[in-house]
Amino acid sequence: MTLRRYSPHDKKDWDEFVEKSKNATFLHRRDYMDYHADRFRDFSIMVFRGNRLYGILPACALGEEWISHAGLTYGGLLTDEKCTAADTLEIFRRLRSFLAESGFSRMIYSPSPHIYHRLPSEEDLYALFRIDAGLAVRKISSVIDRTNPIKWRNIRKAGIRKAEKAGIEVGEDNDFSGFWKILENNLNEKYAVSPVHSLDEIIRLHALFPDNIRLFTARLNGEIVAGTVIYKTERVIHSQYISADERGKATGALDLLFHHLLADLCTDVPYFDFGNSNERQGSYLNESLIYQKEGFGARAVCYDTYSLSLTNEYPVQA
């Protein structure tokens, strides 16, 4: 096994590996990762066995921390079906040495949650245990398993009836600007923050990945009153952004919108992920927000982040 840092010349090989990986998604393609290259110093790593690309690690550098990846919801070691548990232990042993020799003092690692895996891919979780990496962040996301659905709460069903009575119309939309005004206003009023993606960034990403990044809205008298931006992967539809203005909230627009998404869009994908309901790195649970998501029959999947000091002795033996 040998490791080396990714360079732009590796883009074709990297993207081809993402396509055949058992646990990667379009978020790990270079066109997605590099849209915010001005904000994150890329320090992605490629793993080789002989001359064969054997694994990739999307990552960035922040001071003395190596982070997989600060600009992505999840990253971690991405492999194909040939990589075994023993191989993964070997990769982590070499990774630890490689990062220490590169001047890093800490590794921050966010694995890809199991719902995104095309094949079982939790060898890295075992390796993290073996090297005494500690759980640093745990966020609880609300997920619907389409193969085993739970009945909706009556309050969500009532919202659908209210929206239909009000004349709400739902469907796919390309007016990102109209939805972004609602989203930015809500985030600013509630949390004094802006969306992770600017309007220009989300429009550019949608143009690059039109089948994966899509906007669905609810309109009242032709005007957007609610919407969601979804990220569609092979196994999961993830609501990246959800927002409604006062008219949308009063008419139950999101209830009707998600009814449409779940009934008509998710038939070929096993999981629908409403996203996390946490603040302060997972230490605070927004109970009213998660109650709304659980009303659609969603239950918990955790998105974890691990931390490891690279200055301590490395205990794992392959």
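Summary of the structure given here. Only a predicted model underlies this, so the values are computations on that prediction, with no experimental measurement involved.

For strand β6 (residues 65-68) and strand β8 (residues 106-109), the ladder comprises four bridges, and the chain directions are parallel. Each bridged residue has a counterpart across the sheet, and for I67 the counterpart in β8 is I108.

Attention now goes to unusual backbone geometry. Cis peptide bonds are those with omega within 30 degrees of zero, and the linkage from S68 to H69 qualifies with -5 degrees. Of note, H69 is situated in the loop between β6 and β7 (78-79). Of note, D132 is a non-glycine position whose phi angle comes to about 65 degrees, a positive value. When you line up the elements, D132 lands in the loop between α4 (123-130) and β9 (134-145). In this model, A192 sits at a positive phi of 55 degrees, which is unusual for a non-glycine residue. Within the fold, A192 resides in the loop between α6 (176-191) and α7 (199-208).

Here we come to the sheet that holds strand β5 (residues 60-62). Across the sheet, eleven strands lie side by side as β2-β5-β6-β8-β17-β9-β14-β13-β12-β11-β10; this open sheet has mixed pairing. Both edges of this open sheet fall to β2 (41-42) and β10 (169-173), since each of them pairs with a single strand only. Judged from the seven bridges that link them, strand β12 (residues 223-232) and strand β13 (residues 236-244) form a sheet pairing that is antiparallel. Bridging from a neighbouring strand, A226 pairs with A244 of β13. The sheet strands contacting helix α3 (residues 85-101) are β6 and β8, and the helix crosses β8 at an angle near 130 degrees.

Conventions adopted
Along each chain, residues carry numbers from 1 onward, in the same order as the chain's sequence is written. Reporting in this predicted model follows two pLDDT cut-offs: at least 70 for local features of residues, and 80 or more for side-chain atom pairs to be given and counted; totals over whole chains, interfaces and linings ignore these cut-offs and use all residues. Working from all heavy atoms in the structure, the side-chain values ignore hydrogens and water. At least two bridges found by DSSP between two strands is the condition for calling them paired. Numbering of helices and strands starts at the N terminus; helices are DSSP runs of H or I of at least 4 residues and strands are runs of E of at least 2. We call two residues contacting when some pair of their heavy atoms lies within 4.5 Å. Axis definition: a line fit to C-alpha positions, over the contact stretch in the case of helices; interaxial angles, taken between N-to-C directions, run 0 to 180 degrees.

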